[in-house]
Amino acid sequence: MTRTWRSAFFAAAATLVCLQLFVPPVLGIADNCDFEKLRTRACIGPEVPEKYPYFEYFVPGYAIRAQYCRAGTPTSAAIPLAISLWAARLVLPAGHYDLRLLAALYAILFLAAYWYFNRSAGPAAGVVVLAVFCSAVYVPLFSTFYMDAAAFIWLAWAVVLSIRILTADEVRWYTYLALAGFLVLLATSKTQYVLLPLCFLPVFWLRFGRKRFPAVLVRAAVSCAVLLAAGLYMSASSPWYRAVALFDGLFFKFLPACQNPAAEVRKLGLGPQFDNDVGKHAYYPETHMQESDFALAFGRVVGVPQMARFVLTHPSADVKALRHDLDEASLERVRMKIGQREYRLGNYEMDTGRAPESQSNFFTVWSAFKFTILARRPWIYLGYIVALFAALWTAAARQRTLRGPAIAGAAILTALLPASFLPAFLDAVDTGRHLAFFNCFLDMALCALFVLMLRLRVNRGAAPCAAAASHAARPAPRCKK
């Protein structure tokens, strides 16, 4: 892509992002009670707690007070938060914080990744990525304290750097180390995403016959660094949080789908006091799962191995749970469903006069098209996924040039699907929001398919021209007398 095209696409992307984040009515995503996992690390909280509109409205203005100080959840998302907090001290009155400062930092990182992507992409690739990822499906996430926002930025950089490494004639050491750094940040952003960086490890090893490529020792070192970061972060996660997530998945999703839930509770080693918890999640007070000692005792009986064994031995419950999750994912936009109640995490501020939980449709043509066809049709949605990846693999295998990198990219995108789906499958309460990355990977696969199909068409047209040029270059045969 020429510099003129890059500049034009960058200007378009920057305009779309800024219109959503900084031009009234500004967009964000409402708090579903998870903001405190990050904001309390910086002593940030609502200015008026009793009027704070959970689920319904986005709130940009916050207060910095000692009463809000708590340890919070360990996460790499604390890095951009700390930078934005430093900026707040410079431009805002003491004790005040504006979430749009964090949004501005995320926007800069996102747009920088888009510029870097366009350095090695063609105009068609730049257009399709802009049309999909500069919409209100993704951009309002920047104006939140959700750790998913930082994870999305780390993921975007991991993707563009992986493309660069897979397709470059010479792999520079700084590109290689930058990818390792962003994968470490992704691995330590949130427990649900700890498996995602592992899908990118083949990028460090696929040489494709290139002469200039990092040595085996370097490849092993960066791979071990990513694996070590993922392992340490997983082991350091809160035992209470793991117990609550397993309880929600087991009692709120899987056990109600069994014919005899009480018998299944006994097989898990739990007493009769848990029988009344079937169909309830951890936020019901009668489950006592918000009590730390009770939750930790539950976690000692039912851990990940017991949950995995239950899932593997109950296929009928798995099918019902799968249908539930596919139905959630087919709606695509950030939301929560608890029982029969749907919370749609509004994008607007309260003073805009919009209805509670209103979601923006800014530049969401592709999302709206998918919603019309796939929403609340879980098995059609599954068919779309299968057809999309079948087409992606076919297009990758038929490439005349860069076939190896194309197949590697298809393999990485395929691995990212179960890596993002499995944590949400074992959870229950916040499935729709946790599956946002699952839909992100589907959109990435669609962009990749578009580019590969275009390459096939261009190469098919170029082949006859090359053959004709070769024929024309041959000397005319001379007749012997």
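Residues numbered from 1 in each chain as written. Predicted model: local features only at pLDDT ≥ 70, side-chain atom pairs only at ≥ 80, totals over all residues. Heavy atoms only, no water.

### Considerations on the packing of helix 4 (residues 99-119) against helix 5 (residues 123-133)
No. 1: For the pair helix 4 and helix 5, the least separation of the axes is 10 Å and the interaxial angle reads 160°. It follows that helix 4 is roughly antiparallel to helix 5 by the angle criterion. Note that helix 4 runs across helix 5; the crossing there is right-handed. Residues F110, Y114, F117 and N118 of helix 4 touch helix 5, and the partners they reach there are A125, G126, V129, L130 and F133.
No. 2: For the contact of helix 4 with helix 5, the residue count by class is seven nonpolar, two polar and no charged. (Axes fitted to C-alpha atoms, helices over the stretch in contact; angles between N-to-C directions. Helix = DSSP H or I, 4+ residues; strand = E, 2+ residues; numbered from the N terminus. Parallel < 35°, antiparallel > 145°, perpendicular 65-115°, else oblique. Left-handed = near helix turned anticlockwise from the far one by under 90°. Contact = heavy atoms within 4.5 Å. Nonpolar A, V, L, I, M, F, W, Y, C, P; charged D, E, K, R; others polar.)

### Observations regarding a positive patch on the surface
No. 1: Taken together, the side chains of R398, R400, R457 and R460 present a region of like positive charge at the surface.
No. 2: Topologically, R460 is positioned in helix 18 (residues 436-473).
No. 3: Residue R460 is classed as partly exposed on the basis of its relative accessible area, which comes to 44%. (Patch = residues over 30% accessible without salt bridge, like charges linked within 9 Å, V, L, I, M, F, W, Y side chains within 5 Å. Areas by Shrake-Rupley, 256 points an atom, 1.4 Å probe, with all protein chains shown as cover. Salt bridge = Lys/Arg side-chain N within 4 Å of Asp/Glu carboxyl O. Lys, Arg positive; Asp, Glu negative; His and termini not counted. Charge placed at Lys NZ, Arg CZ, Asp CG, Glu CD. Buried < 20%, exposed > 50% of the residue type's maximum accessible area, 1.4 Å probe, protein only.)

### A look at the environment of V451
No. 1: Of note, V451 is situated in helix 18.
No. 2: Taking the C-alpha atoms as reference, V451 lies 7.2 Å from A124; in sequence the two are 327 residues apart.

### What to know about helix 7 (residues 173-187)
Each α-helix turn comprises 3.6 residues. Residues three or four places apart therefore point the same way.
No. 1: Helix length check: helix 7, at 15 residues, gives a terminal C-alpha distance of 21 Å against a target of 21 Å (1.5 Å per residue), a fit within 8%.
No. 2: Buried residues of helix 7: T175, Y176, L179, A180, F182, L183, L186 and A187, and no others. Down the axis of helix 7, the buried set is contained in an arc of 165°. They therefore lie on one face. (Expected span 1.5 Å × (residues − 1). Arc of directions from axis to C-beta.)

### Overview of the sheet that holds strand 1 (residues 44-45)
Sheets are built from strands paired through backbone hydrogen bonds, the pairs being either parallel or antiparallel.
No. 1: Taken in spatial order, the three strands make up an open sheet running 1-2-3, and their pairing is antiparallel. A strand with exactly one partner marks an edge of an open sheet, and here the two such strands are strand 1 and strand 3 (96-98).
No. 2: The strands that helix 3 (residues 78-91) touches are strand 1, strand 2 (61-64) and strand 3; relative to strand 3, the one it contacts most, it runs at about 125°.
No. 3: Against the sheet, helix 4 touches strand 2 and strand 3, its axis set at about 40° to strand 3. (Pairing = 2+ DSSP bridges.)

### So, unusual backbone geometry
No. 1: Cis geometry is adopted by the peptide bond preceding P25, which originates at P24 and carries an omega value of -5°.
No. 2: If you trace the backbone, P25 turns up in the loop between helix 1 (3-22) and helix 2 (36-39).
No. 3: Here the phi dihedral of F208 falls at roughly 55°; this positive angle occurs in a residue that is not glycine.
No. 4: Take F208: it is sitting in the loop between helix 7 and helix 8 (216-235).
No. 5: Assessed through its relative accessible area of 37%, F208 is described here as partly exposed.
No. 6: Of note, L402 is a non-glycine position whose phi angle comes to about 55°, a positive value.
No. 7: Here L402 lies in the loop between helix 15 (378-397) and helix 16 (403-426).

### Here we look at the state of the cysteines
No. 1: One pass over the full model with this rule turns up one disulfide.
No. 2: Disulfide pairing places C43 opposite C69 at an S-S distance of 1.8 Å. Its S-S torsion of approximately 110° makes the covalent link between C43 and C69 right-handed. Of the two residues, C43 sits in the loop between helix 2 and strand 1 while C69 sits in the loop between strand 2 and helix 3, which places them 26 residues apart along the sequence.
No. 3: Given a relative accessible area of 18%, C43 falls into the buried group.
No. 4: Take C440: it sits in no disulfide, and the sulfur closest to it among the cysteines is that of C447, at 9.3 Å. (Disulfide = S-S within 2.5 Å.)

### Examining the pattern of salt bridges
A side chain of one charge can pair with a side chain of the opposite charge when the charged atoms of the two come close.
No. 1: Applying the stated rule across the entire model yields 16 salt bridges.
No. 2: A salt bridge links K280 to E286; its shortest N-O distance comes to 3.4 Å.
No. 3: Owing to a relative accessible area of 38%, E286 belongs among the partly exposed residues under this scheme.
No. 4: Connected through shared salt-bridge partners, D34, K37, D148, K190 and R433 make up one network.

### Description of the confidence of the model for the protein chain
No. 1: For the protein chain, mean pLDDT is 92; residues scoring 70 or higher make up 95% of the total.
No. 2: Counted against residues more than four places away or in other chains, residues 464-481, with its pLDDT under 50, gives zero contacts. (pLDDT = per-residue confidence, 0-100.)

### Observations regarding empty space enclosed by the protein
No. 1: For the structure shown, the criterion picks out four cavities of 30 Å³ or more.
No. 2: Of the volumes computed, that of the largest cavity is approximately 190 Å³.
No. 3: Considering the residues around the largest cavity, the lining is formed by 15 residues, among which V137, Y138, L141, V334 and A436 are closest to the centre.
No. 4: Counting residues per element, the ones that place at least two in the lining of the largest cavity are helix 6 (147-167) and helix 18.
No. 5: By residue number, the principal contributor to the lining of the largest cavity is helix 18, which donates four residues.
No. 6: By residue class, the composition of the lining of the largest cavity is 10 nonpolar, one polar and four charged. (1 Å grid on protein atoms, 1.4 Å probe; cavity = no way out; pocket = protein on both sides within 12 Å on 5 of 7 lines; lining within 4 Å. Points joined across faces, edges and corners; volume = space filled by probe spheres on them.)

### Examining the pairing of strand 2
No. 1: Relative to strand 2, strand 1 runs antiparallel, the two sharing two bridges. By the bridge assignment, G45 is partnered in strand 2 with A63.
No. 2: As paired elements, strand 2 and strand 3 share three bridges and run antiparallel to each other. Paired with A63 across the strands is H96, a residue of strand 3.

### Quick look at a nonpolar patch on the surface
No. 1: Together, L19, F22 and V23 line one region of the surface with nonpolar side chains, adding up to about 220 Å² of accessible area.
No. 2: Here V23 is to be found in the loop between helix 1 and helix 2.
No. 3: For V23, a relative accessible area of 37% translates into the label partly exposed.

### Quick notes on the packing of helix 6 against helix 7
When two helices pack together, their arrangement is given by the angle between the helix axes and by the axis-to-axis distance.
No. 1: The contact between helix 6 and helix 7 brings their axes to 9 Å, and the two run at 150°. Considering the angle they form, helix 6 stands roughly antiparallel to helix 7. Crossing hand, helix 6 versus helix 7: left-handed. Contacts between helix 6 and helix 7 involve A151, W154, L155, W157, A158, L161, S162, R164 and I165 on the former and, on the latter, T175, Y176, A178, L179, F182, L183, L185 and L186.
No. 2: Broken down by class, the residue content of the contact of helix 6 with helix 7 amounts to 14 nonpolar, two polar and one charged.

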